[in-house]
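# Architecture and fold: a report
These are the residues of each chain, in order.
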Amino acid sequence: MDFLFRPRYVPMNRRRRIYEGKAKILYEGPEPGTLIQHFKDDATAFNAKKHAVIDGKGVLNNRISEFVFNQLNALGVPTHFIKRLNMREQLIREVEIIPLEVVVRNVAAGSLSTRLGIPEGTQLPRSIIEFYYKNDELNDPMVSEEHITAFGWASPQDIDDIMALAIRVNDFLSGLFLGVGIRLVDFKIEFGRLWEGDMMRIVLADEISPDSCRLWDQSTGDKLDKDRFRRDLGGMLEAYQEVARRLGILNDNVTPAAGSGPTLVE
């Protein structure tokens, strides 16, 4: 696998685009079985019905997701992440994405509060895992395990593996964010099938960032995530910077007199 770590950067305009989503673009990687994941500055909500460009958001999400995935890899959680290439791009393994969004909820918020009438901020009796079918045209409807197996999106064994990994990720993220004064309310993750010859295993894919997590300040309850954009609260970039700062990714090592802001730690 040494080839994965040899520098072979190809300018973005010369790469073959594989897929473009709302917040990321996937390009053909330098070797078979790899892709380059590029983080955009686009901010979207309500299946892109609301859209803006927030300068620097993609850089922050790239670095935060890199930090989290490196930690998960070190813990033995299988992921698609290989390494960061630059401020906006990651080298990842090519996987067959399972068409499900897996949402882990620790605290009532968002659609759960709306659907069940539970006041936002209520601590749930236990963590809850929900599945949503990845389909923008249908607004990503919530589905059950019966739907998933009936329509062949994943097998019962796949679901068991996904739920076990989701619980491990939740345990890690809850502790990580609690340690820096942040309450992990809920988060969305995706999984893929990684094929190695005839062998297949389920791995964590996509990203983990303030775009995909609800993060509240432990003391004040201030939102440090994409809800600042969804709910027109303002200060989205500053909230993402605060998350990066607490994780040690962002350094305030440049004084205001120098005419510059915080810098990202290499």
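Scroll up to find the structure this text is about.
Read on for a plain summary of the structure. (Residues numbered from 1 in each chain as written. Predicted model: local features only at pLDDT ≥ 70, side-chain atom pairs only at ≥ 80, totals over all residues. Heavy atoms only, no water.)

### Let's talk about the packing of helix 1 (residues 57-74) against helix 6 (residues 236-246)
Definition in use: Here the axes come from fitting lines to C-alpha atoms, over the contacting stretch only for helices, and the angles between their N-to-C directions go from 0 to 180 degrees. Under the scheme used here, helices are H or I runs from DSSP no shorter than 4 residues and strands are E runs no shorter than 2 residues, and both carry numbers assigned from the N terminus. With respect to orientation, any angle under 35 degrees is reported as roughly parallel, any angle over 145 as roughly antiparallel, any angle of 65 to 115 as roughly perpendicular, and every other angle as oblique. Each crossing is labelled by how the near helix is turned from the far one, with a counterclockwise turn of less than a right angle marking it left-handed and a clockwise turn marking it right-handed. Residues are treated as being in contact if the distance between any of their heavy atoms lies within 4.5 Å.
Running from amino to carboxyl end, helix 1 crosses helix 6 at an angle of 25 degrees, the nearest separation of the two axes being 10 Å. When the axis of helix 1 is compared with that of helix 6, the two are roughly parallel. Note on packing geometry: the crossing formed by helix 1 with helix 6 is left-handed. The residues of helix 6 that touch helix 1, namely those facing K57, L60, N61 and I64, are M236, L237, Y240, Q241, V243 and A244.

### As for helix 4 (residues 156-178)
Test applied: An expected span of 1.5 Å times one less than the residue number is assigned to each helix. Remark: exposure states derive from per-residue accessible area (1.4 Å probe, protein chains only) relative to the maximum for the residue type, with buried under 20%, exposed over 50%, and partly exposed in between.
Over its 23 residues, helix 4 extends 33 Å from the first C-alpha to the last, a length consistent with the 33 Å expected when each residue adds 1.5 Å. Buried residues of helix 4: D158, I159, I162, L165, A166, V169, N170, F172, L173, L176 and F177, and no others.

### Considering the pairing of strand 4 (residues 42-45)
The following threshold applies: Two strands form a pair only when DSSP identifies at least two bridges running between them.
Along strand 4, one buried face is formed by D42 and T44 and the opposite face, lined by A43 and A45, is buried too. Bridging between strand 4 and strand 5 (residues 50-53) involves 4 bridges; their strand directions are antiparallel. Bridged to T44 within strand 5 is H51. The turn joining strand 4 and strand 5, which pair antiparallel and follow one another in sequence, is formed by 4 residues; a positive phi near 55 degrees is taken by F46.

### Digging into the packing of aromatic side chains
Selection rule: Ring pairs shown here join Phe, Tyr and Trp side chains whose ring centres sit within 6.5 Å, with only the six-membered ring taken for Trp; geometry is labelled stacked below 30 degrees between planes, edge-to-face above 60, and tilted in between. For a lysine, the NZ atom is tested; for an arginine, the CZ atom; a charge sits over a ring if that atom is within 6 Å of the ring centre and within 35 degrees of the ring normal.
Applying the stated criterion across every chain, the model contains 3 aromatic pairs. Where Y133 meets W153, the ring centres are 4.2 Å apart and the plane angle is 10 degrees; that geometry is what we call stacked. Within this pair, whereas Y133 is found in strand 10 (residues 123-133), its partner W153 is found in the loop between helix 3 (145-150) and helix 4, the two being separated by 20 residues in sequence. Here W153 falls in the buried class, since its relative accessible area comes to 15%. Taken together, Y133, F151 and W153 form an aromatic cluster joined through their ring pairs. When the ring centre of F229 is taken as origin, the NZ or CZ atom of K50, which lies over that ring, is 4.8 Å away.

### Topic: the sheet that holds strand 7 (residues 89-93)
Strand order in the open sheet made by the 5 strands is 1-2-3-7-6, with antiparallel pairing throughout. The sheet is open, and its two borders are formed by strand 1 (17-20) and strand 6 (81-84), each paired with just one other strand. Strand-to-strand twist in this sheet, taken as the mean axis angle between neighbours without regard to direction, amounts to 25 degrees. In the sheet, strand 1 pairs with strand 2 (residues 24-28) via 3 bridges, with the strands oriented antiparallel. Across the sheet, Y19 pairs through a bridge with L26, a residue of strand 2. Helix-sheet contacts for helix 1 involve strand 3 (34-39), strand 6 and strand 7, and the interaxial angle to strand 6 is about 130 degrees.

### With respect to the packing of helix 1 against helix 4
Think of two packed helices as two axes; the pair is described by the angle between the axes and how far apart they sit. Remark: helix 1 packs on helix 4, axes separated minimally by 11 Å, with the N-to-C direction vectors making an angle of 125 degrees. Judged by the angle between their axes, helix 1 and helix 4 are oblique. Between helix 1 and helix 4 the crossing geometry is right-handed. When helix 1 is examined against helix 4, the residues F67, V68, Q71 and L72 are found in contact with a partner set consisting of V169, F172, L173 and L176.

### What to know about the layout of surface pockets
Short version of the rule: The pocket and cavity definitions rest on a 1 Å grid over protein atoms only: a 1.4 Å probe that fits but cannot leave marks a cavity, an open set with protein on both sides within 12 Å along at least five of seven lines marks a pocket, and residues lining either have an atom within 4 Å of a point. Grid points are joined across faces, edges and corners, and a volume is the space filled by probe spheres set on the points. Classification convention: Asp, Glu, Lys, Arg as charged; Ala, Val, Leu, Ile, Met, Phe, Trp, Tyr, Cys, Pro as nonpolar; all other residues, Gly among them, as polar.
A volume near 1,600 Å³ is recorded for the largest pocket. Here the residues of the lining of the largest pocket sort into 17 nonpolar, 10 polar and 23 charged.

### As for the environment of R14
For R14, the location among the structural elements is in the segment before strand 1. For R14, a relative accessible area of 64% translates into the label exposed. For the pair formed by R14 and Y27, sequence separation is 13 residues and the distance between their alpha carbons is 9.9 Å.

### Comments concerning the pairing of strand 2
For strand 2, the tally of buried residues reaches 4 of 5 residues, placing the bulk of the element in the interior. Between strand 1 and strand 2, which pair antiparallel and follow one another directly, the connecting turn spans 3 residues. Two strands pair when backbone bridges link them, and strand 2 and strand 3 are joined in this way by 5 bridges, in the antiparallel orientation. Looking at strand 3, one finds that L26 is bridged to Q37. Remark: 5 residues form the turn of the hairpin made by strand 2 and strand 3, two consecutive strands paired antiparallel; G33 in that turn has positive phi of roughly 85 degrees.

### Overview of unusual backbone geometry
Residues other than glycine seldom take positive phi values, yet N139 does so here, at roughly 60 degrees. Looking at the element boundaries, N139 is found in the loop between strand 10 and strand 11 (142-143). Within the chain, D140 stands out as a residue other than glycine whose phi angle is a positive 50 degrees. Position of D140 relative to the elements: it lies in the loop between strand 10 and strand 11.

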